[in-house]
Amino acid sequence: MADFRATGRWGCARCYTNFEPGIRELLRRVQGGHRHVGRPYQPQMSEELERASVLGELKDRLRRAIESEQFELAADLRDRIRVME
Amino acid sequence: MTLDLSLLPDGGVGWLDASGRYADIVLSTRIRLARNVEGYAFTARARDGERLRVLAQVREAVGSVGSLRESVMYRLDELPPTSRALLHERHLVSKELAGLDEQHPLRTGAAVFLADGLGVMVNEEDHLRLQALRSGFALQEAFAAIDKLDRDLGARLPYSFHGEFGFLTACPTNVGTGLRGSVLIHLPGLVLTKEIGKVLASLQQMGLTYRGLYGEGSEVVGNFFQISNQTTLGRSEEELLDQLLRVVGHVVEREAEARRVLLRDAGYIIEDKLWRAYGTLRYARSLTFDEAMNYLSGVRLAVGLKLISSLSVYTLNKLLIFSQAAHLAFAEGRALTESETNLARARYVRKALEGEAGSVG
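Residues numbered from 1 in each chain as written. Chains lettered and ligands numbered in written order. Predicted model: local features only at pLDDT ≥ 70, side-chain atom pairs only at ≥ 80, totals over all residues. Heavy atoms only, no water.

### Comments concerning the packing of helix H3 (residues 139–154) of chain B against helix H6 (residues 237–283) of chain B
Residue and element names in this part refer to chain B.
Working step 1: H6 packs onto H3 with a crossing angle of 155 degrees between their chain directions and a minimal axis gap of 11 Å. It follows from the interaxial angle that H3 and H6 lie roughly antiparallel. Remark: the crossing between H3 and H6 carries right-handed chirality. When H3 is examined against H6, the residues Leu139, Gln140 and Phe143 are found in contact with a partner set consisting of Glu237, Glu238, Leu241, Leu244 and Leu245.
Working step 2: A per-class count over the contact of H3 with H6 returns five nonpolar, one polar and two charged. (Axes fitted to C-alpha atoms, helices over the stretch in contact; angles between N-to-C directions. Helix = DSSP H or I, 4+ residues; strand = E, 2+ residues; numbered from the N terminus. Parallel < 35°, antiparallel > 145°, perpendicular 65-115°, else oblique. Left-handed = near helix turned anticlockwise from the far one by under 90°. Contact = heavy atoms within 4.5 Å. Nonpolar A, V, L, I, M, F, W, Y, C, P; charged D, E, K, R; others polar.)

### Comments concerning the environment of Leu233 of chain B
Working step 1: Topologically, Leu233 of chain B is positioned in the loop between strand E10 (224–229) and H6.
Working step 2: Exposure remark for Leu233 of chain B: the relative accessible area of 3% places this residue in the buried category.
Working step 3: As a C-alpha pair, Leu233 of chain B and Phe167 of chain B span 66 residues in sequence and 9.5 Å in three-dimensional space.
Working step 4: Setting aside its immediate chain neighbours within four residues, Leu233 of chain B contacts Leu27, Gln31, Gly33, His34, Arg35 and His36 of chain A together with Phe165, Val175 and Gly176 of chain B. (Buried < 20%, exposed > 50% of the residue type's maximum accessible area, 1.4 Å probe, protein only.)

### Comments concerning the environment of Asn223 of chain B
Residues and elements named next belong to chain B.
Working step 1: Structurally, Asn223 is set in the loop between strand E9 (208–211) and E10.
Working step 2: For the pair Asn223 and Gly298, spaced 75 residues apart in the sequence, the C-alpha separation amounts to 9.3 Å.
Working step 3: Aside from chain neighbours lying at most four places away, what touches Asn223 is Ile185, His186, Leu187, Pro188, Val191 and Ser297.

### With respect to the sheet that holds strand E1 (residues 26–35) of chain B
Paired through backbone hydrogen bonds, the strands of a sheet run either parallel or antiparallel to each other.
Residue and element names in this part refer to chain B.
Working step 1: The strand order across the open sheet built from eight strands is E2-E3-E4-E5-E1-E8-E10-E9, with neighbouring strands paired in antiparallel fashion. Looking at which strands have only one partner, the edges of the open sheet turn out to be strand E2 (72–75) and E9. The mean inter-strand angle of the sheet, taken between neighbouring strand axes irrespective of direction, is 20 degrees.
Working step 2: The pairing of E2 with strand E3 (residues 111–115) spans four bridges and is classified as antiparallel. Residue pairing for E3: Met73 is matched across the bridge by Phe113. (Pairing = 2+ DSSP bridges.)

### Quick word on the interface of chain B and chain A
Working step 1: Between chain B and chain A, the contact holds 39 residues from the first and 27 residues from the second.
Working step 2: The junction of chain B with chain A conceals about 2,800 Å² of combined surface from both sides, 58% of it contributed by carbon and sulfur atoms.
Working step 3: It is Glu164, Phe165 and Pro172 of chain B in chain B that bury the most area against chain A; as a group they hold 23% of the surface buried on that side.
Working step 4: In this assembly, chain B and chain A are joined by four salt bridges.
Working step 5: For Asp147 of chain B, the salt bridge is made with Arg39 of chain A, and the minimal N-O distance between the two is 3.6 Å.
Working step 6: Along the contact surface separating chain B from chain A lie 17 residue pairs in polar contact (both at pLDDT 80 or more).
Working step 7: Counting residues per element, the ones that place at least two in the side of chain B that touches chain A are H3, strand E6 (161–162), strand E7 (166–167) and H6 of chain B.
Working step 8: Residue composition of the side of chain B that touches chain A, grouped by class: 16 nonpolar, 13 polar and 10 charged. (Buried area = accessible area lost by both parts, 1.4 Å probe. Salt bridge = Lys/Arg side-chain N within 4 Å of Asp/Glu carboxyl O. Polar contact = N/O pair within 3.5 Å; in protein donor to acceptor, adjacent residues only side chain to side chain.)

### Points about the packing of helix H9 (residues 325–332) of chain B against helix H10 (residues 338–355) of chain B
Residue and element names in this part refer to chain B.
Working step 1: It is the contact of H9 with H10, at a shortest axis distance of 10 Å, that shows an interaxial angle of 85 degrees. In terms of orientation, H9 and H10 fall into the roughly perpendicular class. Contacts from Ala325, Leu328 and Glu332 of H9 reach H10 at Thr341, Ala344, Arg345, Arg347 and Tyr348.
Working step 2: Of the residues assigned to the contact of H9 with H10, the class counts are four nonpolar, one polar and three charged.

### A word on the confidence of the model for chain A
Working step 1: This prediction gives chain A a mean pLDDT of 83; 89% of its residues lie at or above 70.
Working step 2: Mean pLDDT in chain A bottoms out at helix H4 (residues 47–67) of chain A, which sits at 77, and peaks at helix H3 (residues 20–31) of chain A, which reaches 89. (pLDDT = per-residue confidence, 0-100.)

### What to know about helix H2 (residues 81–89) of chain B
Residue and element names in this part refer to chain B.
Working step 1: For H2, the tally of buried residues reaches seven of nine residues, placing the bulk of the element in the interior.
Working step 2: Of the positions making up H2, those classed as buried are Ser83, Arg84, Ala85, Leu86, Leu87, His88 and Glu89.
Working step 3: Check the buried side of H2 and you find it contacts E2, helix H8 (313–322) and H9.
Working step 4: Two residues or fewer past H2, His91 is found with a positive phi of approximately 65 degrees.

### Section: empty space enclosed by the protein
Residue and element names in this part refer to chain B.
Working step 1: Per the stated rule, a full pass over the model turns up two cavities of 30 Å³ or more.
Working step 2: The wall of the largest cavity is formed by Trp15, Ser28, Arg30, His91, Leu133, Ser182, Val183, Leu184 and Gln226.
Working step 3: Taken together, the elements giving at least two residues each to the lining of the largest cavity come down to E1 and strand E8 (179–186).
Working step 4: The calculated volume of the second largest cavity comes to roughly 30 Å³.
Working step 5: Residues belonging to the lining of the second largest cavity are distributed by class as follows: two nonpolar, five polar and one charged. (1 Å grid on protein atoms, 1.4 Å probe; cavity = no way out; pocket = protein on both sides within 12 Å on 5 of 7 lines; lining within 4 Å. Points joined across faces, edges and corners; volume = space filled by probe spheres on them.)

### Details of the pattern of salt bridges
Working step 1: Using the criterion set out here, one finds 29 salt bridges over all chains in the structure.
Working step 2: Here Glu257 of chain B makes a salt bridge to Arg260 of chain B, at a shortest N to O gap of 2.9 Å. Taken together, the residues Glu257 of chain B and Arg260 of chain B, both in helix H6 and three residues apart, mark about one turn of the helix.
Working step 3: Owing to a relative accessible area of 37%, Glu257 of chain B belongs among the partly exposed residues under this scheme.
Working step 4: A relative accessible area of 52% places Arg260 of chain B in the exposed class.
Working step 5: Linked through salt bridges whose partners overlap, the residues forming this network are Arg9 of chain A together with Glu124, Glu125, Asp126 and Arg129 of chain B.

And the structure:
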């Protein structure tokens, strides 16, 4: 916050959540409001992140399948993991 | 590393071609969007390594975005000062990115990707400053281009976004949409009829602001004003641009009206004044930047009023940019002192006007 007072610039995106109440007040003064009504944004998962997360889930299911001795399902999951890797 | 401008199909100055609407009054339209990449400190706070990682991540994303596939990348941090100043004079990079601003020294990882009418500045005040530049008054066209680029890049890079505050930026004056639309407009009629004060005051009441030829912090010279939206939050992109469109449309009408009044009420005085401006540009042996801008403003008005018919708006637009210090130094192939710059400027302007002098008068 001291940095902001000196430079008028935030250091990183987290500042907006760390100082939320103060920022709301500041935006009201600087911008006349604090609510974004423009285009929404949904950060899209990159292909790699998405692949890693699907792979993680499959490995999880494989572990559970083995633990519960569902070998047919486990074989199927293992094949799918092999294809992805 | 030297600057190879031949890599850019139009030298990055396609926006000067005067093909857009109201081109004799409106030089260009620019829309920029400020974005940051999640996971890094904002540029001023980031370490060199972080900025280089941001650049690498952006570079990879740019490679798979259709409108930027043919883009050229310049690393500002590897270019000499004259080359950086030249890109700035062409309105392709900001003063801050070019490291020409005393408060903001050149940063490691400062770069720009340039394609036809589109640009992405990397490691400016925000990690990304996307911009679309168009000739004349073309807010909708510029927005269509920048919005598409933003969606394409935003699908490949995780932007910093907050449900309530919108796109997060280093400066609270850009947060929300991150959108600044600006129209570069020439208003000599309103200045000469002394109406300009009222017009500028009304802009501020409408939530708009004005600056000089080079945006924030630049002086108004040659009657060139950049009109832009002041706030970026609390209204949608379309609302912000609609407001700018309406108000600038109104300013254009008032300028056209002021020009009619000048011709009607002070025809010969104006005619004499503008021809004197032309005469000075055509024959002067030394011109300062401010002098050149002011006389060019006069000649531009004379062309708009059809007092001079053989000069094209395109030539005048080019003169505006190419007669600046870094362009002159670049053309001469060496650094110039101030008086050498003034001599080179007068020489350049004379030559350009000679080339089009056929039926002047």
